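Coordinate analysis (summary)
Residues per chain, in single letters:
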2 protein chains.
Amino acid sequence: MPRCLPQRDGARGGRGRGPTLPKIVDHDQRRAEVLEATWRVITTVGLHGATTRRIAQEAGYSNGVLAHYFADKADILTSALQMVHARVRGRMEAAVSRTEGLAAFRAVLLEALPLDEDRLFEANLEFGYLSHAINATRLRDLYQDERIGFNEFLHTLVAAARARDEVRADLDDAHVVAEALVFIDGISAQAVFLPNRMPPELQLDLADTFLARISTTD
Amino acid sequence: MPRCLPQRDGARGGRGRGPTLPKIVDHDQRRAEVLEATWRVITTVGLHGATTRRIAQEAGYSNGVLAHYFADKADILTSALQMVHARVRGRMEAAVSRTEGLAAFRAVLLEALPLDEDRLFEANLEFGYLSHAINATRLRDLYQDERIGFNEFLHTLVAAARARDEVRADLDDAHVVAEALVFIDGISAQAVFLPNRMPPELQLDLADTFLARISTTD
């Protein structure tokens, strides 16, 4: 991933006159604007329809300005996915900081489920990327890294819940994590493609069935 | 779905001289050839790269010949999905005919899981379609119809198993079916995007954990 870190204006050199901090913020803000425009384009016309021209138009910039912030289309798409994942991760970390053990695991599961409009948007985007990733090596690599990271995060949570004797002794940690990932992906697929059949109430109901099953307290 | 049924040669009129049956077979065979070529193209370059030109080339026909068998690209893509689903359904029906009750339900689940190369190919195709279907009304409608049909099929199987007292009394049929669909989609997503983390043994292990949980015998 050669260019995933935002390029700081300071690194460009030459025009080192103006105040540095505002420029950096401006640069990151512009990148963020472009990535948010990218999300809107993807959910409107699909990932295959998300051309740089269209993204530039949606963001209100010219193609030339876009090239100033991103190496190429793949760079925009992978950065947009990373930005969504960072948003989800931020919510999960906030949830984990408020609670502990199996309750923290539950809170993270719920953040991953398409329970409201924002999270359904994320699930839509996720599946858009998923199918694109099948045929795009770079995106696929990133995608797999992100998934492995999430797997490890869940692992930490299950281990913490087990340390508090909240997870059934006859269940293996890796097995619980595998089930949780299957659960999240399955719910997301259902909600994206048949939303009427997978309303938030059923998602919560299935989540609590799953959690009751791995829990020592019932 | 105006043109989903194969057009019989007989219906074209005019050249009604030759033997009728071989012509019909020929027509259906050609359609099948084109649809199989479509599968290969989709798994190679993705659904968004599956142009009619490319499909014709892969099938060894000209664009003009293709137009003889299909109304347009959407017709080819929906027909290809239906053909894959028919293949899966055929396997499931064969499995159901050999056994009964929860064992039949289990056999159907296994046919839906990406346990071998053919089924992993089907899962790949399925996810390719899924993301495309988000932005394509006609495909989305077909997709939803097929999913609702599968839901109903699973419902029948669960009801049959329950009639034999093989399903736990405290579980609701609709809940079991919802869990089964979530399970299948989740496993498929994992196997398509992180195959190393979701090998056939783990799939079977998770399937049997799920089945043990709904079963009266354990």
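Here is a short report on the structure shown in this document. (Residues numbered from 1 in each chain as written. Chains lettered and ligands numbered in written order. Predicted model: local features only at pLDDT ≥ 70, side-chain atom pairs only at ≥ 80, totals over all residues. Heavy atoms only, no water.)

1. Considering the environment of Gln203 of chain A
Residue and element names in this part refer to chain A. Note the cut-off: Where helices and strands are cited, they refer to DSSP runs of H or I of at least four residues and of E of at least two residues respectively, numbered from the N terminus. With a 1.4 Å probe rolled over the protein chains alone, any residue whose accessible area is under 20% of its type maximum counts as buried; one over 50% counts as exposed, and the rest are partly exposed. Contacts are residue-level and defined by heavy atoms, with any inter-residue pair within 4.5 Å sufficient. Two N or O atoms count as a polar contact when they lie within 3.5 Å, although within protein this holds only if one can serve as hydrogen donor and the other as acceptor, and sequence-adjacent residues are included solely when both atoms are side-chain atoms.
Topologically, Gln203 is positioned in helix H9 (residues 200–214). Residue Gln203 is classed as buried on the basis of its relative accessible area of 1%. With 16 residues separating them along the chain, Gln203 and Ile187 place their C-alpha atoms 7.0 Å apart. Beyond its immediate sequence surroundings of up to four residues, Gln203 is in contact with Leu113, Pro114, Leu115, Phe183, Ile187, Ala191 and Met198. A polar side-chain atom of Gln203 sits 3.2 Å from the main-chain carbonyl oxygen of Met198.

2. Concerning the pattern of salt bridges
Here is the rule: The term salt bridge refers to a pairing of a side-chain nitrogen on Lys or Arg with a carboxyl oxygen on Asp or Glu at a separation within 4 Å.
Evaluation of the coordinates by the stated rule reveals 28 salt bridges over all chains. As a salt-bridge pair, Arg164 of chain A and Glu100 of chain A come within 3.3 Å of each other at their nearest N and O atoms. Within this pair, whereas Arg164 of chain A is found in the loop between helix H7 (137–163) and helix H8 (173–193), its partner Glu100 of chain A is found in the loop between helix H4 (73–98) and helix H5 (101–112), the two being separated by 64 residues in sequence. Under the relative-accessibility criterion, Arg164 of chain A is labelled partly exposed at 41%. The exposure class assigned to Glu100 of chain A is exposed, which follows from its relative accessible area of 54%. One salt bridge in this structure joins Arg162 of chain B and Asp173 of chain B, with 2.5 Å as the shortest N-O distance. A residue pair is termed long-range when its members are at least 10 positions apart, and Arg162 of chain B in helix H7 (residues 137–163) and Asp173 of chain B in helix H8 (residues 173–193) qualify at 11 residues. We classify Arg162 of chain B as partly exposed; its relative accessible area is 22%.

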